[in-house]
Structure formats: structure tokens, C-alpha cells
Amino acid sequence: MKRHKASMLYPGVIIGAYLLMTLLGSCQDEDFNPSLTQTFDVQSAANGATYPIRVALPTDYYTSGERYATIYVLDGEENFGFVANRCREISKRLATQNVVVVSIGYGQDRSIDYTPTKTSEMTGGGTQFLAFIETELIPQMEERFRVDTTRNGRVLLGHSYGGLFGACVLAVNNQLFGNYLLLSPSIWFDNEASLQLEKAYRAANKDQHQLVFLGIGELENAGRMQAPFEAFYEVLRDNYTDISLAKNREKHLDHVGSRQPNIVKGLNYYFQNRQL
């Protein structure tokens, strides 16, 4: 399993705590019903990496004949079971159709795949990773499974560098996903390059319908994380004419601790506000 490059993501004061929690928790993802799980690998022509893919199907998938929205989950090794189980629970509680959850595992280091610009040898592969998702993974999903093929039927969920990647996708390829759950996004990366991309592509995107949930931990570094997070929220709030937008700060929690609570809140927001 490719591990997080924690030293590239967080201020030194919390690196040790993050590393410890990652080592203890990164391989402790929840189990999901194996009879409703399918797995396969995709070798990408875009960047040469091979990505393990896990797919969680709704309980009624084999009997309903319906098409389902898809949630594409970054850092899949850590988040797949948790997201799939929460989707099942939330959709049942709200009496609404569940989704197909697609876990994208690590094909190469996440700091390469999830970042938009090259600031070192371990960054800057976001364009190729997005090409893999758009031209290789999504077509396979839509060929293999009974899923909604529209923009509004696709969700992208990412945390930290994964949230940064989602913010960049919203800007540069807004036709691909209509829904974004972006948790503790590393908007600070490379002098806030994602905000520059948003501004460059804003005219083409601002009147499209978007659903965006932004979550962060209250204890995350105020300058490095909070200020760019708030700036991104305000840009979306003030410039996008047809947006379902929410933000959440988890009280008393940091970058790692806020992840799962914000996943739950983000999924609830999505299921309650999505366009079917």
C-alpha cells in the first residue's frame, strides 16, 4: 500500500500525531458485505500505474433493474468500507435510492496523483490521474455496472490532497462530476494553485448546477488550512449561480479526526440535496 507523504501535507507540529494515527488506522477500514462487493484492477494508459478498484453495490442491485448514482472515493484503501456502510445506512433512513460506491486504490503515491502542479518529484500527476478516471475508469464502470451515466449522477469524495484534487476537477473538468464532497482540502498547495484554476475556468462553470460540501476540523492549522478553505468556500458562494453549497467545521477535531465525521455529514448533505 502506498502511504501518505505526511511531511508534505501538514505543519511539523502535527506530523508525528498524524503519522501515528495513519499507521494505526489506515488499514482498519470497515468491512462491507462481500456478496455485494466486486473487485478488479485497471492499468492506466494515462500514467502506467495499476489501480485496485472495489465496488460496493446497493442491497437491491441484483433485483431492481434500476440505474444508480456513483460515488468515486479517493484513498480507497482507507475509506471504502466506511463510505459504503454509511451510504447504505443513510439511504435507508431517508428512504431514498442508494448509490454504487467506487473505491480508487493507490496505483502510485497519492501525492503524485492528487496534486495539480509539479513542485517536486513527488507531485504534479493530477492531470494524468484525472485522465485515467475520465477515459478509463468511468467508461469501465458504465460498461460493467448499471449506473447513471450523467454528470449529476457522479460524486467525487476526497480528503486532504484528495480534497485538493476534487477542487481542481471542479475547475478544469466540470462536465465530469456534478457533486463534490471535499474534506480538509489542501487548497494551500503550491500558492493556492487550485484557486487560480477555479478563477481561470469560472466563466465556463459558474452557471452549471453544482453540489459541494466542504468539511474541515476546527483544530486544523488556521493559516495553512483554514484561510484557504474559507476563501474557496466564499468564491463558490459568491460566484456560482446554481449551487447547493454547505460547509462544516468539526469542533475540537484535527485533520485526521475530522475526516470520518465530515464524511458522514457530507453524505447526509448529498443524499438530502442531490438532483435525481
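The numbering scheme is per chain: residues are counted from 1 as the chain's sequence reads. Restriction of local features to residues with pLDDT of at least 70 applies here, the model being predicted, together with a cutoff of 80 or more for giving and counting side-chain atom pairs; totals for whole chains, interfaces and linings are based on all residues. The basis for every side-chain value is the complete set of non-hydrogen atoms in the structure, without hydrogens or water.

Caption draft 1: Looking closely at helix H9 (residues 222–239). Working definition: helices are DSSP H or I runs of at least four residues, strands are E runs of at least two. Numbering for both runs from the N terminus. Expected helix span is computed as 1.5 Å times (number of residues minus one). Taking 1.5 Å per residue, 18 residues should reach 26 Å; H9 reaches 24 Å between its end C-alpha atoms and fits that length. Each residue's exposure class comes from its accessible area (1.4 Å probe, protein chains only) as a fraction of the maximum for that residue type: buried when under 20%, exposed when over 50%, partly exposed otherwise. Among the residues of H9, those classed as buried are Met 225, Gln 226, Pro 228, Phe 229, Glu 230, Phe 232, Tyr 233, Val 235 and Leu 236. Residue contacts are counted whenever heavy atoms from the two residues lie within 4.5 Å of one another. Where H9 is buried, its residues meet helix H7 (161–172), strand S6 (179–183), helix H8 (189–205), strand S7 (210–217) and strand S8 (243–250). Under the rule applied, a polar contact is a pair of N or O atoms within 3.5 Å (in protein, one hydrogen donor and one hydrogen acceptor; residues adjacent in sequence only if both atoms are side-chain atoms). One side-chain oxygen at the N-terminal end of H9 lies 3.1 Å from the backbone nitrogen of Gly 223; it belongs to Asn 221.

Caption draft 2: The side chain of Ser 91, seen in detail. Mapped onto the elements of the fold, Ser 91 is located in helix H4 (residues 76–94). Beyond its immediate sequence surroundings of up to four residues, Ser 91 is in contact with Thr 96, Gln 97, Asn 98 and Phe 271.

Caption draft 3: Broad picture of the pairing of strand S5 (residues 154–159). Where burial is concerned, most of S5 is hidden: six out of the six residues are buried. A two-sided burial pattern is seen for S5, the buried positions comprising Arg 154, Leu 156 and Gly 158 on one face and Val 155, Leu 157 and His 159 on the other. When DSSP finds at least two bridges between two strands, those strands are taken to pair. Sheet analysis places strand S3 (residues 70–73) next to S5, joined by four bridges and oriented parallel. When the sheet's bridge partners are listed, Val 73 is paired in S5 with Leu 157. Strand direction decides the pairing type here: S5 and S6, joined by five bridges, are parallel. Across the sheet, residue Gly 158 finds its bridge partner in S6, namely Leu 182. The β-α-β motif built from S5, the intervening H7 and the parallel element S6 has right-handed crossover chirality. Assignment of crossover handedness uses the view with strands pointing away from the viewer, where a clockwise path from the first strand over the helix to the second indicates a right-handed crossover.

Caption draft 4: How the structure looks around unusual backbone geometry. In this structure, Ala 95 is a non-glycine residue whose phi angle is positive, near 55 degrees. Following the sequence through the fold, Ala 95 ends up in the loop between H4 and strand S4 (100–104). Overall, the relative accessible area of 73% leaves Ala 95 in the exposed class. In this structure, Asn 191 is a non-glycine residue whose phi angle is positive, near 55 degrees. As for its placement among the helices and strands, Asn 191 is situated in helix H8. Asn 191 gets classed as exposed once you look at its relative accessible area, which sits at 66%.

Caption draft 5: Molecular detail of the packing of H8 against H9. Fitted lines through C-alpha atoms serve as axes, helices being fitted only where they are in contact, and the angles separating the N-to-C directions of these axes extend from 0 to 180 degrees. At a minimum axis distance of 10 Å, the contact between H8 and H9 shows a crossing angle of 10 degrees. Here H8 is positioned roughly parallel relative to H9, judged by the angle of their axes. Facing Glu 192, Leu 195, Glu 198 and Arg 202 of H8, the residues of H9 in contact are Pro 228, Ala 231, Phe 232, Val 235 and Asn 239. The residue inventory of the contact of H8 with H9, partitioned by class, reads five nonpolar, one polar and three charged. By definition in this entry, angles of less than 35 degrees are roughly parallel, angles greater than 145 are roughly antiparallel, angles of 65 to 115 are roughly perpendicular, and the rest are oblique. Residues were grouped as follows: Ala, Val, Leu, Ile, Met, Phe, Trp, Tyr, Cys and Pro as nonpolar; Asp, Glu, Lys and Arg as charged; and all remaining residues, including Gly, as polar.

Caption draft 6: Layout of the packing of aromatic side chains. Two aromatic rings, drawn from Phe, Tyr or Trp (for Trp, its six-membered ring), form a pair once their centres lie within 6.5 Å of each other, and the interplanar angle then sorts them: stacked below 30 degrees, edge-to-face above 60, tilted otherwise. In the structure shown here, the tally under the stated rule is 17 aromatic pairs. Consider the rings of Tyr 114 and Phe 129, whose centres lie 5.5 Å apart with planes at 50 degrees: the pair is tilted. Here Tyr 114, found in the loop between helix H5 (110–113) and helix H6 (126–144), pairs with Phe 129, found in helix H6; they are 15 residues apart in sequence, far enough to count as distant. On the numbers, 6.4 Å between centres and 45 degrees between planes, the contact of Tyr 161 with Trp 188 is tilted.

Caption draft 7: Fine view of the confidence of the model for the protein. You can read pLDDT as the predictor saying how much it trusts each residue, on a scale of 0 to 100. The pLDDT averaged across the protein works out to 91; a share of 90% of its residues lies at or above 70. Between residues 1–27, whose pLDDT stays under 50, and residues either more than four places distant or in other chains, the model counts 49 contacts.

Caption draft 8: Spatial organisation of the packing of H6 against H7. Two elements in contact, H6 and H7, have axes separated by 11 Å at closest approach and are oriented at 75 degrees. By the angle between their axes, H6 is roughly perpendicular relative to H7. Where H6 approaches H7, its residues Gly 126, Phe 129, Leu 130 and Ile 133 are matched on the opposing element by Phe 165, Val 169 and Val 172. Considering only residue class, the contact of H6 with H7 consists of six nonpolar, one polar and no charged.

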